[in-house]
Amino acid sequence: MGLTKTRELVKEMFVQALNHERLPWQMPWQNHLMYNPKSGTIYSGINQFVLSYIAGSRGYEDPRWLTFNQIAKSPDLHLIKGSKGAPVEYWAIYDKLAKKNISLIDKIKVCAADPSREEDMVLKGRTYYVFNGQCIEG
């Protein structure tokens, strides 16, 4: 499997930083966690790293990030023309038989009841683009 768009961006950030002899972890980081106010998600792991880095490099002070669909479905919100999104990863266990994402607890329950179902459970990753609150009007 190739790199996700998020991981490709991290790779590019590091290569650019090394070419400019500036390491990304020497940047002044944001003092707050990046989050999605619509879903209540506080970004973690590589998503928190990428969004903090992008916020710092683009001068964003707003810790809120929304997907394009969340903005489009809100009649009082709209994206400022020319705004750039940032890729975030979402990983989930997908039950091929049920054709839906399931929790780890549900996977354990299903596989405990029928060990042959283990092969029906796969880890799936998706990339979504989110936009900083400073790129959204309303």
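Residues numbered from 1 in each chain as written. Predicted model: local features only at pLDDT ≥ 70, side-chain atom pairs only at ≥ 80, totals over all residues. Heavy atoms only, no water.

**Comments concerning the pattern of salt bridges**
So, step 1. Inspection of every chain in the model, using the stated rule, returns six salt bridges.
So, step 2. We note a salt bridge from E118 to K107, for which the minimum N-O separation is 3.2 Å. Pair noted here: E118 is in the loop between α4 (104-113) and β5 (121-132) and K107 is in helix α4, with a separation of 11 residues, a long-range link.
So, step 3. The class for E118 is partly exposed, based on a relative accessible area of 40%.
So, step 4. Residue D120 pairs with R117 through a salt bridge whose shortest N-O separation is 2.9 Å. No difference in accessibility class separates D120 from R117, as the two residues are buried. (Salt bridge = Lys/Arg side-chain N within 4 Å of Asp/Glu carboxyl O. Helix = DSSP H or I, 4+ residues; strand = E, 2+ residues; numbered from the N terminus. Buried < 20%, exposed > 50% of the residue type's maximum accessible area, 1.4 Å probe, protein only.)

**Some details on the confidence of the model for the protein**
So, step 1. The share of residues in the protein with pLDDT of 70 or more is 92%, and the mean pLDDT across the chain is 89.
So, step 2. Looking over the protein, one finds the lowest element-wise mean pLDDT in helix α1 (residues 5-19), namely 81, and the highest in strand β1 (residues 65-67), namely 98. (pLDDT = per-residue confidence, 0-100.)

**With respect to the pairing of β5**
So, step 1. Relative to β5, β1 runs antiparallel, the two sharing three bridges. Looking at the pairing, T67 lines up with V130 of β5.
So, step 2. By the bridge criterion, 10 bridges tie strand β3 (residues 86-95) to β5 in an arrangement that is antiparallel. Of the residues in β5, the one forming a bridge with V88 is Y128. (Pairing = 2+ DSSP bridges.)

**What about the nonpolar core?**
So, step 1. Core analysis: the biggest nonpolar cluster contains 15 residues, and Y43, L51, W65 and V130 have the highest contact counts within it.
So, step 2. Mapped onto this core, the elements with two or more residues apiece are α1, α2 (45-58) and β3.
So, step 3. When residues of this core are assigned to their parent elements, the largest contribution, five residues, is made by α2.
So, step 4. The next biggest cluster of nonpolar side chains, apart from the first, holds five residues, and it includes L66, I71, L77 and I136. (Core = buried A, V, L, I, M, F, W, Y, C linked by side-chain atoms within 4.5 Å.)

**Focus on the environment of G125**
So, step 1. Considering the arrangement of structural elements, one finds G125 in strand β5.
So, step 2. For the pair formed by G125 and I46, sequence separation is 79 residues and the distance between their alpha carbons is 13 Å.
So, step 3. Among all residues touching G125, those that are not within four sequence positions of it are Y90 and W91. (Contact = heavy atoms within 4.5 Å.)

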